[in-house]
Amino acid sequence: MSEIRNPKVPRIAGPLGGFIEALSNLLFNNRPLMLVLFALTTVFLAWSASGLKVDAGFKKMIPLTHPYMKTFTDYEATFGGANRVIVALMREPGAAGADNTIFDQAFMAKLKAATDDLFYIKGVDRPTVQSLFTPNVRFIEVTEQGFAGGNVIPATFQGSPEDLETVRRNVQKAGLVGRLVSNDLRGALIRTDLLDIDPETGAKLDYPRVAADLEALREKYQKDGVTVHIIGFAKAVGDISAGAKGVIAFFGIAFVITALLLLWYTKSAKLTGVALVCALLPVLWLLGSLPLAGYGIDPLSILVPFLIFSIGCSHAVQMTNAWKDAIADGLNPVDASRSAFAQLFIPGTLALVTNALGFLVIMLIEIDIVRELGITATLGVTLMIVTNKMVLPILLTYLRITPETIAAKQKQEQGFEPIWRACSKFAERRVGIWAIAGAVVLLIIGAGLARGQKVGDLGSGLPELLPDSRYNRDNAVITDNFKIGVDIISIVVQTKDIDGACTDHRVMDAMDAFEWRMKNVDGIGSAISLPGLAKVVNAGFNEGNLRWRVLARNRDVLAQAVTPIDTGTGLLNSDCSAMQMLFFTSDHQGETLAHIVQSVKDWNTEFHAPDSEFKEIAPNVEFKLASGNAGVMAATNEAVEEADKQELAAIFGAITLMCLLTFRSFGATLCIILPLALVSLLNNALMAVLGIGLKVSTLPVIALGVGVGVDYGIYLYDRIEVHLHHGKSLVESFFIALKERGTAAAFTAVTMSLGVATWAFSALKFQADMGLLLSFMFLVNMLGALILLPSLLAFFLKVKKPA
């Protein structure tokens, strides 16, 4: 049954007026039916959300389309990937034993048992497991009879003093000190690669379960004077997932803060409850929609639901505020909801669509985890158009508030009027020019500081976790006690039309020259390559004489030196058409990796130059970047740096287009965009000052901050435009707009900032960093809308003088 429309309810003008009117009638004339439909949707999506799972993956973190990653994927099966786990068993100083080294029966028993347990963990690529007890760890020595060799720990090993002494000698012969055995002989490593697919089920590897199995291994063997230290992607995912569970606690804290602030702001428990319910609805709908779309939730994107809640609160406050103003004007709850809907549907939907576009441009970044974050955030704000612009107005029709509540709210609003009157002065040119001058000063300072922004990781260990986290302490123990380090960048030497390239002196000599060049590059600690090992073997054939530690020019002699080095070392493939060179880096900071990568590129330029000493083979030999975990990081850093430019261009382009289509004013659009651009620049400057690198986990901050920050300008300008059309001056129009929406905008900015500021206490450093950056952007974007927006409008907006 149709309801008679109150003439006080405003009608929407313009091309969308008819659509909005029809939608309004559909919603408000069929309120019970619509509520039943929304309730059933909520129940169904709540059931679906119960099936949501953590979905982490190594390859989701890397830019698979990047040229370096083409090399990585082409040779992953041949040389192994970068998805590695390292387990170190270390004897504590002063532990029982003859000399406190690993050459102790009890320690060796633990090392063997730990190797066996790691071997049988689901997802382990078993042929890649390496420890002193695996058969792929061998030694070779030169005797009077020729070459001799065998497993470092022989099959007859029983742990007797004689056996332990034999193992000690074999470790030295195999050159394992610093590689599988610590520099001080107090510890030993177990290394393995992981598969991305569970070989038993064919499903994606369950990284949290692998991390739990690794943690169980630690608990089992960390006793009796032995400590266990574990690093690797799977363990990192486990620790991040464990830290991400704290997000629930922070969500609870933010919810309580928001509820208390809403109660203070609305002066009504009923309004507070309805606003919170409608802010939570898009979160629930989002979590329920993800499994239906075939997605899980990644630990690095687990913060998105909280952002959706924050944005939902922002829009709910605007809607409830407009509804209460309509009630104060004498409308009944139904007509007040119609009025609020008519006023806010277009600017609110525009803001949300702009948010969605802002999040959608994140998908331009060719890294799966970032794309999933973009999909998740876009879906969340799109659902909000239904929950906040349709469900909320319908619920408000059933609400009743007392005259005392309205009076208290009006008194509160009157308390803000002096602030809004002061802010409205910025719409005068004589005052606004000072705000613009201040913005220019901030622009210059920000541009200078932003030049110091770094791409990639800063510091050591895993930057997503705090420096004193267990993972980073484990990382420090391993890097301090083993000289090969944990960061490897590998270069694949690929040949074509050269038979037996590893026995061709020209190719091997070029690789040897490249290795020498790279060893002298800052950031390279050590290297392992086929030419390097071949020289050692060649010397072995000549009684170990160091003068023979060279590459023989004779193909047969060179073949003799290369033959003992099999494909199991990961240094060559079966037909010698590709050879891997491993370089251990001092750290994985962005600057270090960029310098190393540039050194490789410089070598390639010289190698292929017309006057190169290797010009004879250069057309048939390529030194290809890059594999290893440091190679993956280098590719990711380059992809992030390029994506940062694309992201900024795309998000500001999308916002500009939406504002132009809606407001049809270049001046107004410019005034909305410029404060956002300034805040984005200041955000980059803040990242540089705080030492926060630009990487996968921080890249979306700009899009998230700009996407949310544009709401303030859109909501305010929408009302400014209305009052300008009614003949008001710009100063008076801005003052009235602030009275109508300024309090709600300032309140939501403060509320969201306080909510994300609690993340500073998180166990996840990347969450703490994002909380700080988003808090800064929410607040400063609000200040930009209150101060810089009117100042710019005073100069760039053509305003008709009132009659």
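Above this note sits the structure.
I will try to describe carefully the structure that is included in this document.

**So, the packing of aromatic side chains**
Aromatic rings in a pair are described by how distant their centres are and how their planes are angled relative to each other.
At step 1: Per the counting criterion, the structure on display carries 19 aromatic pairs.
At step 2: Centroid distance F416 to W420: 6.0 Å. Interplanar angle 15°. Geometry classified as stacked. Residue F416 and its partner W420 are located together in helix 14 (residues 403-424), separated by 4 residues, close to a single helical turn.
At step 3: Relative accessible area serves as the criterion here: at 3%, W420 is assigned to the buried category.
At step 4: Ring geometry for F607 versus F614: centroids 5.7 Å apart, planes at 35°, classification tilted.
At step 5: By relative accessible area, which is 2% here, F607 ends up buried.
At step 6: Among the aromatic side chains, those forming a connected cluster through ring pairs are F514, F583, W603, F607, F614 and F623.
At step 7: Taking the ring centre of F735 as reference, the NZ or CZ of R421 above it sits at 3.6 Å.

**A word on the nonpolar core**
At step 1: Counting residues in each nonpolar core, the largest one holds 254 residues, and the members touching the most others are M108, L132 and F623.
At step 2: Dropping the residues within four chain positions of it, F623 is found in contact with I491, V492, V493, A510, M511, F514, M581, W603, N604 and F607.

**Digging into the environment of W603**
At step 1: When you line up the elements, W603 lands in helix 20 (residues 590-607).
At step 2: For W603, a relative accessible area of 6% puts it in the buried group.
At step 3: As for W603 and G705, which are separated by 102 residues in sequence, their C-alpha atoms are 41 Å apart.
At step 4: The contact partners of W603, leaving out residues within four places of it in the chain, are A510, A513, F514, R517, F614 and F623.

**Points about the pattern of salt bridges**
At step 1: Inspection of every chain in the model, using the stated rule, returns 27 salt bridges.
At step 2: As a salt-bridge pair, K454 and E591 come within 2.9 Å of each other at their nearest N and O atoms. With a gap of 137 residues between them, K454 in the loop between helix 15 (429-450) and helix 16 (470-481) and E591 in helix 20 connect regions that are remote in the sequence.
At step 3: According to the relative accessible area criterion, K454 is partly exposed, its value standing at 31%.

The rules behind the values
Residues numbered from 1 in each chain as written. Predicted model: local features only at pLDDT ≥ 70, side-chain atom pairs only at ≥ 80, totals over all residues. Heavy atoms only, no water. Phe/Tyr/Trp six-rings, centres within 6.5 Å; stacked < 30°, edge-to-face > 60°. Helix = DSSP H or I, 4+ residues; strand = E, 2+ residues; numbered from the N terminus. Buried < 20%, exposed > 50% of the residue type's maximum accessible area, 1.4 Å probe, protein only. Lys NZ or Arg CZ within 6 Å of the ring centre and 35° of its normal. Core = buried A, V, L, I, M, F, W, Y, C linked by side-chain atoms within 4.5 Å. Contact = heavy atoms within 4.5 Å. Salt bridge = Lys/Arg side-chain N within 4 Å of Asp/Glu carboxyl O.

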